[in-house]
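Chain and residue survey
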Amino acid sequence: MRGALISLLLVGACASDPALRKEPLPPLTEAQARLFDDGVDLMEDPAALEGRWYDEWSQDLERRLSESDEVVVGTVRTVRADVDLSRRTSYRVVFAVERVLRGKPGKELTLASREGAVGYSSMERYRERLLERRFVAFIKRAGDESAPDVRHFHLTPPSPQLDRRLERFEADQRPQVIKVIEHSH
């Protein structure tokens, strides 16, 4: 009886550990699929946007920050096109992580944009312009029956506006850290 109880406790503990669970993560909602579109934008100067477009950029940034599982700054090291048996192309981006603002992604990420993803056309169009460029990667993990844990992403280049917002975000994430900034005249 005692052995059965211990076995049940061990099985229960394993089932509650997310790392050991085989259930897929929830799929992206329609709104999340638009934010984490498996694509890229090359907006280097959001301040040049006017009116509604700047407002949309700001709102999307805030939603990406609040809904991301991982937010990292890094450099694209490789972009590779893969073709599966159904002749569907996927673009794989190897991303060297330089700074982690949220999550625990490791030192290198492989992000995939599969044909049919909302941002696939941006990856197809700009893939040659990504190599050795710095980006901020906003990542949302989701899944389904065929892929239980997929990193959906959006890449955007650093800009003064984005950098300022990321500094505030980082300070909010780590309120116990004090950052001293000296200005010299």
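Above this text you will find the structure in question.
Reading the values: the criteria
Residues numbered from 1 in each chain as written. Predicted model: local features only at pLDDT ≥ 70, side-chain atom pairs only at ≥ 80, totals over all residues. Heavy atoms only, no water. Helix = DSSP H or I, 4+ residues; strand = E, 2+ residues; numbered from the N terminus. Buried < 20%, exposed > 50% of the residue type's maximum accessible area, 1.4 Å probe, protein only. Core = buried A, V, L, I, M, F, W, Y, C linked by side-chain atoms within 4.5 Å. Pairing = 2+ DSSP bridges. Contact = heavy atoms within 4.5 Å. Axes fitted to C-alpha atoms, helices over the stretch in contact; angles between N-to-C directions.

1. Some thoughts on unusual backbone geometry
A positive phi is found at aspartate 38, a non-glycine position, where the angle reads about 60°. For aspartate 38, the location among the structural elements is in the loop between α2 (30-35) and β1 (39-40). The exposure class of aspartate 38 is buried, given its relative accessible area of 4%. Within the chain, arginine 87 stands out as a residue other than glycine whose phi angle is a positive 65°. If you trace the backbone, arginine 87 turns up in the loop between β2 (70-83) and β3 (89-102).

2. Things to note about the nonpolar core
Ranked by internal contacts, the top residues of the largest apolar core, which has 18 residues, are Phe95, Phe135 and Leu155. Among the secondary structure elements, those contributing two or more residues to this core are β2, β3, β4 (108-114), α4 (120-126), β5 (134-142) and β6 (150-156). Of the residues forming this core, the biggest block, four residues, is contributed by β3. Counting residues in each nonpolar core, the second largest holds 13 residues, with Leu35, Leu101, Leu162 and Phe169 among its members.

3. A few points about the sheet that holds β4
Sheets are built from strands paired through backbone hydrogen bonds, the pairs being either parallel or antiparallel. In space, the six strands of this open sheet follow the order β1-β6-β5-β2-β3-β4, with mixed pairing throughout. Among the strands making up the open sheet, the edge pair consists of β1 and β4. Here twelve bridges tie β2 to β3, and the two strands are oriented antiparallel to one another. Across the sheet, residue threonine 75 finds its bridge partner in β3, namely alanine 96. Across the sheet, helix α3 (residues 51-67) is in contact with β2, β3, β5 and β6; its angle to β5 comes to roughly 55°. Set on the sheet, helix α5 (residues 160-173) makes contact with β2, β3, β5 and β6; between it and β3 the angle comes to about 60°.

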